[in-house]
Amino acid sequence: MKALQYRTIGAAPEVVTVPDPEPGPGQVLLKVTAAGVCHSDIAVMSWPAEGFPYPLPLTLGHEGVGTVAALGAGVTGLKEGDPVAVYGPWGCGACAKCAEGKENYCLRADELGIRPPGLGRPGAMAEYLLVDSPRHLVPVDGLDPVATVPLTDAGLTPYHAIKRSLPKLVPGTTAVVIGAGGLGHVAIQLLRALSPARVIALDVSADKLRLARRVGAHETVPSDAGAAAAIRELTGGLGAEAVFDFVGVAPTVATAAAAVAVEGDVSLVGIGGAALPVGFGHLPFEVSVTAPYWGSRSELTEVLDLARSGALAVHTETFSLDEAPLAYERLHSGEIEGRAVILPHG
Ligand code: NAD
Ligand code: ZN
Ligand code: ZN
């Protein structure tokens, strides 16, 4: 089968032919309908050879939707042709976190060498994808696969972050979304669907700010040195009760710190690598700062149910598998509106 692989440190990913996977006991083989292109892959492909955490070559793609193609021995409850989405942050299934469905925070994944598809294991940018357990599949009947596939990460990750802050987002409050890309443009819609907060979106690109307004941001502000002051002005000096940073570089983290309200939340979702010092006098009183990772199995079900209610309009641009390297180039240069989605079967 054809697959998009990252093969050489520092080189662009390539479309290659690899052996067709076959499901072993307990596994499920999917025919991939759609696979999402995440900025995290670009971060992975920028890491140096020394300390690179995954075996190469690596088939990319940690957002996947497909139909069941074959069941390994002992798998029940699914049949050929069933449309499913892949829950990506695989865990052991048995530790205390996994028992709660929080496989993203599995306590034993590292020790057992368990990795998500596309981030250590062969991913969804291929004609077929091997899924380690039916536990990691969620039915998506009735949903459009292209609009749905980004929800497995670009939807689930902001959903998890936003859910933590919902008790603070009462009427009259403000939420800030920094970076209106794949994750951010879904975050704006999640905030509008789940809270009465006013939503202010920040980006460095005028096109992305236009997209932010189209998907529901009440206000947009250029992400520059004046952004925090603009947010303070829009909030009568109080700042934002929740700031979600989908970039995570020094200037955006500084904006988050300067724009958050007393007792507010800052969620650093972007993996730009910047840190935010927490300590008395560093931030407004009792601000809570977190760096979340992906989301739980039950949260993925909730996001898909929200999509079924019609509350989410994910913007996508589709590419064939042969065009997948171009999709990464375009994401890298900031030219994708919403999420790029690869269609391995055309
Ligand atoms: P994307 O490229 O689709 O979107 C990034 C957006 O940020 C773009 O619109 C870009 O114009 C904007 N941007 C860039 N610099 C900016 C700045 N200084 N100020 C404001 N906006 C700026 O990327 P994505 O796929 O949505 O991913 C966003 C981030 O989230 C990445 O760092 C990615 O690695 C990370 N991520 C983290 C998790 C997690 O679990 N923590 C999960 C998925 C993605
Ligand atoms: Zn991702
Ligand atoms: Zn576990």
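Residues numbered from 1 in each chain as written. Chains lettered and ligands numbered in written order. Predicted model: local features only at pLDDT ≥ 70, side-chain atom pairs only at ≥ 80, totals over all residues. Heavy atoms only, no water.

### Remarks on the overall build of the protein chain
A tally of regular secondary structure across the protein chain gives 11 helices and 16 strands. Compactness check: the protein chain gives a C-alpha radius of gyration of 20 Å against a globular reference of 20 Å for 346 residues, within 12% of the reference. Here the C-alpha coordinates of the protein chain stretch approximately 60 × 40 × 40 Å along the principal axes. A burial count over the protein chain gives 53% of its 346 residues as buried. For the protein chain, the share of sequence-separated contacts (at least 6 apart) that also reach a separation of at least 24 residues comes to 69%. Of the accessible surface of the protein chain, which amounts to about 14,200 Å², a share of 55% is contributed by carbon and sulfur atoms. A gap of 3 Å separates the mean positions of the 24 positive and 36 negative side-chain charges of the protein chain. (Helix = DSSP H or I, 4+ residues; strand = E, 2+ residues; numbered from the N terminus. Rg over C-alpha atoms; globule rule 2.2 N^0.38 Å. Buried < 20%, exposed > 50% of the residue type's maximum accessible area, 1.4 Å probe, protein only. Contact = heavy atoms within 4.5 Å. Areas by Shrake-Rupley, 256 points an atom, 1.4 Å probe, with all protein chains shown as cover. Lys, Arg positive; Asp, Glu negative; His and termini not counted. Charge placed at Lys NZ, Arg CZ, Asp CG, Glu CD.)

### Structural notes on the coordination of the zinc ion (ligand 3)
Ideal values differ by geometry: the angle at a metal is 109.5 degrees with four tetrahedral donors, but 90 or 180 degrees with six octahedral donors. Coordination sphere of the zinc ion (ligand 3), protein contribution only: Cys92 (SG), Cys95 (SG), Cys98 (SG) and Cys106 (SG), at 2.3 to 2.4 Å. Considering all 4 donor atoms around the zinc ion (ligand 3), angles at the metal cover 105 to 116° and the coordination shape is tetrahedral. (Donors = N, O, S within 2.8 Å, 3.2 Å for Na, K, Ca; no water. Tetrahedral: all angles 85-135°; square planar, octahedral: opposite > 155°, others 65-115°.)

### Quick look at the site of ligand 1
Surrounding ligand 1, one finds 26 residues, the nearest of these being His39, Ser40, Asp203, Ser223 and Arg339. Note that an oxygen atom of ligand 1 is positioned 2.5 Å from one of the side-chain N or O atoms of His39. In this structure, Asp203 approaches ligand 1 through a side-chain N or O atom, which is 2.6 Å from an oxygen atom. About the coverage of ligand 1: the protein hides 87% of its 860 Å² of free accessible area. Looking at the shell around ligand 1, the elements that each hand over two or more residues are α1 (39-44) and α6 (182-194). Tallied by class, residues from the shell around ligand 1 come to 13 nonpolar, 9 polar and 4 charged. (Near = heavy atom within 4 Å. Polar contact = N/O pair within 3.5 Å; in protein donor to acceptor, adjacent residues only side chain to side chain. Nonpolar A, V, L, I, M, F, W, Y, C, P; charged D, E, K, R; others polar.)

### Focus: the sheet that holds strand β2 (residues 14-17)
The pairing of strands in a sheet comes from backbone hydrogen bonds and takes either a parallel or an antiparallel form. With respect to topology, 3 strands assemble into an open sheet ordered β2-β1-β4, the strand pairing being antiparallel. Of all the strands in the sheet, just β2 and β4 (58-59) have a single pairing partner and so form its edges. When strand β1 (residues 2-6) meets β2, the two strands line up antiparallel, connected through 4 bridges. Looking at β2, one finds that Lys2 is bridged to Thr17. (Pairing = 2+ DSSP bridges.)

### Here's the deal with the layout of surface pockets
As a volume, the second largest pocket reaches approximately 210 Å³. Along the walls of the second largest pocket sit Gly10, Ala11, Ala12, Pro13, Ile42, Met45, Pro325, Tyr328, Glu329 and His332, which together make up its complete lining. In terms of residue count, the dominant contributor to the lining of the second largest pocket is helix α11 (residues 324-332) (4 residues). Residue composition of the lining of the second largest pocket, by class: 7 nonpolar, 2 polar and 1 charged. (1 Å grid on protein atoms, 1.4 Å probe; cavity = no way out; pocket = protein on both sides within 12 Å on 5 of 7 lines; lining within 4 Å. Points joined across faces, edges and corners; volume = space filled by probe spheres on them.)

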